[in-house]
Amino acid sequence: MDSPDLWAGLPTLEQPPGEDDMAPDAWEDPIPLTGGRERPPFPAHVLPAWLGEFVGAVAEETQTPVDLAGSIALAVLATAAGGRSVVHVRGNWREPTNLYTVVALPPGNRKSAVFGLLTNPLYEAEKHLKAAMKPVIVEAEVTARLAKEAAEKAATKAASAEADKREQAVATAVGLAQTADTLTVPAEPVLLADDSTPETVTSLMAEQGGRLSVMSAEGGIFDIIAGRYSGAPNMEVFLKGHAGDRLRVNRQTRREYIDKPALTIGLAVQPDVLQEIGKVKGFKGRGLLGRFLYSLPHSTVGDRQVVTEPVPEQTAATYSARVISLTLSLAEWTDPAVIQLSPEADAALIGYQKRLEPQLRARGGKLGHVSDWAGKLAGAVARMAALLHLAEHLGEGYAHLVREATMVAAIELGEYYTAHALAVFDAMGADPVVGRARSVLDLIRDNGWGDVSRRDLLTALSRSEVRTVADLEPALALLEDHGYLRSYQPERTGKPGRPPAPRVSVHPSLRGTGSQLPDRRRTNR
């Protein structure tokens, strides 16, 4: 029996659909459930002038969406500053300045060419760091070798010493061995890694003082994290490397400890890759997908100019010099440089947080179905504000407060990534309401129903997916909004008893010759 309380207050028509309503021409074509998200272009105008000019020039020469160069540029800044700077928001809230960005574009969009143009200065900076460290490494290697040899000679001498001299000889050998053990050889500086295994990433980060960047024009790193080589997902370093949480590895073959890991990831992948990673067990539940800033731009293939303006030499030279300068100026920092917000910048961020918070509600919130991602959005905005600030002031960023205009620019970037993340998570099937709506459509198509009660839908759907009326109603409302269904209230029969429960009429394109439920419109239940 349908309880009147259960269905009370539902939106309905005043009467059952008549013949005109049933006619195919009385229904407009339904709107697809997905694919309609607005995806704004990357706001390159919010970048510092030298960076925005280069991003725009690269997009022009390569005839690629500005989103591609823009997102890679943010990852480049994060590579230069990550692990060497933090932004102090307020109270005990501090954010590291590393980022995870991923741009999804179909094949043929010149992702590798854009990657090369944006990341070349990082490789040049790495060469500078290696050249500067080379004498230090050589000296340390010689010192360590001599200390080890001296300890070994002392140990040999102690072993053959006469009894009255053995105690002193042993003490000398122990002291030299302890000294030799404290001497370490610095690792050769590495800023960038490609599609490395989690173990390799962890070891490199430990060698590099916790700082590393994985940059690639392919999506192979996702396969590696998912367990291409190990057979099981291994994402610990990628989770803690984003948050800056302490990382310890204690295994028989290696022991590594990173106090404040700062991993940056900058990727350009095909859209199918994002759809596939949404299916990987553990990626969403452990929060890996919630750490990326997603960009899903519209492809320019088919509308590109054949002859284009090359990147101006001065624009390219300025970009290269400033990326190298920023990287080298922060490279020697052991305690990270602390970036402080001005009161005005903090007020702008507080206002953004207040607007954002209601959107995180599980029921009715625009971002409720992606709360794991959206819950990190304010922190991502603070990180981007610090990176824009550093790009503006380069090596002296720590000596200046982040301006309100810089925070407003970072907020605009946050809104851009929010719009694109919603489109990406739609493709991953992250919204349970959309998923349930699809299940309702599949059920209606399979049975060829033209008219059905909510009770019958709820009974026929899988209880693991739709357990209650509260789960079903948002899906039906979405289908109504998109023109697939119409709710109506059946006429009363004139007999005593409760009024009939509301029903839904189905778009003619979905009706077929499948099995039909009993017509209960005139049954007083």
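Residues numbered from 1 in each chain as written. Predicted model: local features only at pLDDT ≥ 70, side-chain atom pairs only at ≥ 80, totals over all residues. Heavy atoms only, no water.

(A) Quick look at the overall build of the chain. For the chain, the helix and strand inventory stands at 18 helices and 13 strands. Of all 525 residues assigned to the chain, the portion counted as buried reaches 48%. The contacts of the chain with a sequence gap of at least 6 include a subset with a gap of at least 24, amounting to 76%. Carbon and sulfur atoms make up 51% of the accessible area of the chain, which totals about 25400 Å². (Helix = DSSP H or I, 4+ residues; strand = E, 2+ residues; numbered from the N terminus. Buried < 20%, exposed > 50% of the residue type's maximum accessible area, 1.4 Å probe, protein only. Contact = heavy atoms within 4.5 Å. Areas by Shrake-Rupley, 256 points an atom, 1.4 Å probe, with all protein chains shown as cover.)

(B) How the structure looks around the sheet that holds strand β13 (residues 503-506). Taken together, the 3 strands give an open sheet; going across it, the order is β11-β13-β12, and neighbouring strands pair in antiparallel fashion. Bordering the open sheet on either side are β11 (451-453) and β12 (485-488), each of which pairs with just one other strand. Averaged over all pairs of adjacent strands, the angle between strand axes in this sheet comes to 30 degrees, irrespective of strand direction. The sheet contact formed by β12 and β13 spans 4 bridges and is antiparallel. Bridge assignment links Tyr488 to a residue of β13, and that residue is Arg503. (Pairing = 2+ DSSP bridges. Axes fitted to C-alpha atoms, helices over the stretch in contact; angles between N-to-C directions.)

(C) Quick look at the packing of aromatic side chains. The full count for this structure, using the stated rule, is 9 aromatic pairs. Centre to centre, the rings of Phe222 and Phe292 are 5.5 Å apart; their planes meet at 55 degrees, and the pair counts as tilted. With Phe222 in helix α8 (residues 220-226) and Phe292 in the loop between α10 (271-277) and β9 (293-295), this residue pair connects regions lying 70 residues apart in the sequence. Aromatic pair Phe292 and Tyr294: ring centres 6.1 Å apart, planes at 40 degrees, arrangement tilted. One aromatic cluster is present, built from ring pairs that chain together Tyr100, Phe222, Phe292, Tyr294 and Phe425. (Phe/Tyr/Trp six-rings, centres within 6.5 Å; stacked < 30°, edge-to-face > 60°.)

(D) Spatial organisation of unusual backbone geometry. Positioned with a positive phi, Gln63 is a non-glycine residue whose angle comes to about 55 degrees. With respect to the helices, strands and loops of the structure, Gln63 is situated in the loop between α3 (49-62) and α4 (66-81). The backbone of Arg110 sits at a positive phi, close to 60 degrees, despite the residue not being glycine. A relative accessible area of 37% places Arg110 in the partly exposed class.

(E) Quick peek at the pattern of salt bridges. Tallied over the entire structure, the rule returns 13 salt bridges. Put simply, Lys240 and Glu236 hold a salt bridge, and the shortest N to O gap is 3.4 Å. Here the residue Lys240 and the residue Glu236 both occupy positions in helix α9 (residues 236-243), the gap between them amounting to 4 residues, near one helical turn. (Salt bridge = Lys/Arg side-chain N within 4 Å of Asp/Glu carboxyl O.)

(F) Spotlight on the nonpolar core. Counting residues in hydrophobic clusters, the biggest one holds 114 residues, and the most contacted among them are Leu118, Phe238, Tyr294 and Trp373. No other element matches helix α15 (residues 404-428), which puts 13 residues into this core. For Phe238, the contacting residues outside a window of four places in its chain are Tyr100, Pro198, Val201, Ile221, Ile225, Leu263, Ile265, Leu288 and Arg291. Core analysis: the second largest hydrophobic core is formed by 24 residues, Leu33, Leu461, Val504 and Val506 among them. (Core = buried A, V, L, I, M, F, W, Y, C linked by side-chain atoms within 4.5 Å.)

(G) Layout of helix α16 (residues 432-447). The end-to-end C-alpha distance of α16, which contains 16 residues, comes to 23 Å, matching closely the 22 Å that a straight helix rising 1.5 Å per residue would cover. Along α16, the residues classified as buried are Val434, Arg436, Ala437, Ser439, Val440, Leu441, Leu443, Ile444 and Asn447. The inward-facing, buried residues of α16 contact α17 (454-460), α18 (469-481), β12 and β13. A positive phi of about 65 degrees marks Gly448, the residue just after α16. (Expected span 1.5 Å × (residues − 1).)

(H) Here's a closer look at the sheet that holds strand β8 (residues 262-269). Pairing is parallel in the open sheet, where 5 strands are placed in the order β4-β5-β8-β3-β9. Two strands in the sheet have a free side with no partner beyond their single neighbour: β4 (192-193) and β9. In the packing of helix α5 (residues 111-159) onto the sheet, the strands contacted are β4, β5 (211-216) and β8, and the crossing angle to β8 comes to about 155 degrees.

(I) Main features of the environment of Gln275. As for its position among the elements, Gln275 is in helix α10. Under the relative-accessibility criterion, Gln275 is labelled partly exposed at 34%.

(J) Layout of the environment of Met428. Turning to its location among the elements, Met428 is positioned in helix α15. Classification of Met428 by relative accessible area gives buried; the value is 14%. The spatial distance from the C-alpha of Met428 to the C-alpha of Asp272 is 9.8 Å, given a sequence separation of 156 residues.

(K) A look at a nonpolar patch on the surface. Taken together, the side chains of Val138, Val142 and Leu146 define a hydrophobic patch exposed on the protein surface, amounting to about 220 Å² of accessible area. For Val142, the position within the fold is in helix α5. Among the residues examined, Val142 registers a relative accessible area of 33% and is labelled partly exposed. (Patch = residues over 30% accessible without salt bridge, like charges linked within 9 Å, V, L, I, M, F, W, Y side chains within 5 Å.)

(L) Representation of the confidence of the model for the chain within the structure. Looking at the chain as a whole, its pLDDT mean stands at 86, while 89% of the residues score no less than 70. This model gives residues 1-16 a pLDDT under 50, and the stretch forms 37 contacts once residues within four places in sequence are excluded. In this model, residues 18-24 is a region of pLDDT below 50 whose contacts with residues beyond four sequence positions or in other chains number 12 contacts. (pLDDT = per-residue confidence, 0-100.)

(M) Just the pairing of strand β1 (residues 85-90), in detail. Here β1 lies mainly inside the structure; 5 of its 6 residues are buried. Relative to strand β10 (residues 337-340), β1 runs parallel, the two sharing 4 bridges. Bridge pairing links His88 to Gln340 in β10. As paired elements, β1 and strand β2 (residues 93-96) share 4 bridges and run antiparallel to each other. By the bridge assignment, Arg90 is partnered in β2 with Trp93. The loop that links β1 with its antiparallel partner β2 comprises 2 residues; one of these, Gly91, has a positive phi angle of about 60 degrees.

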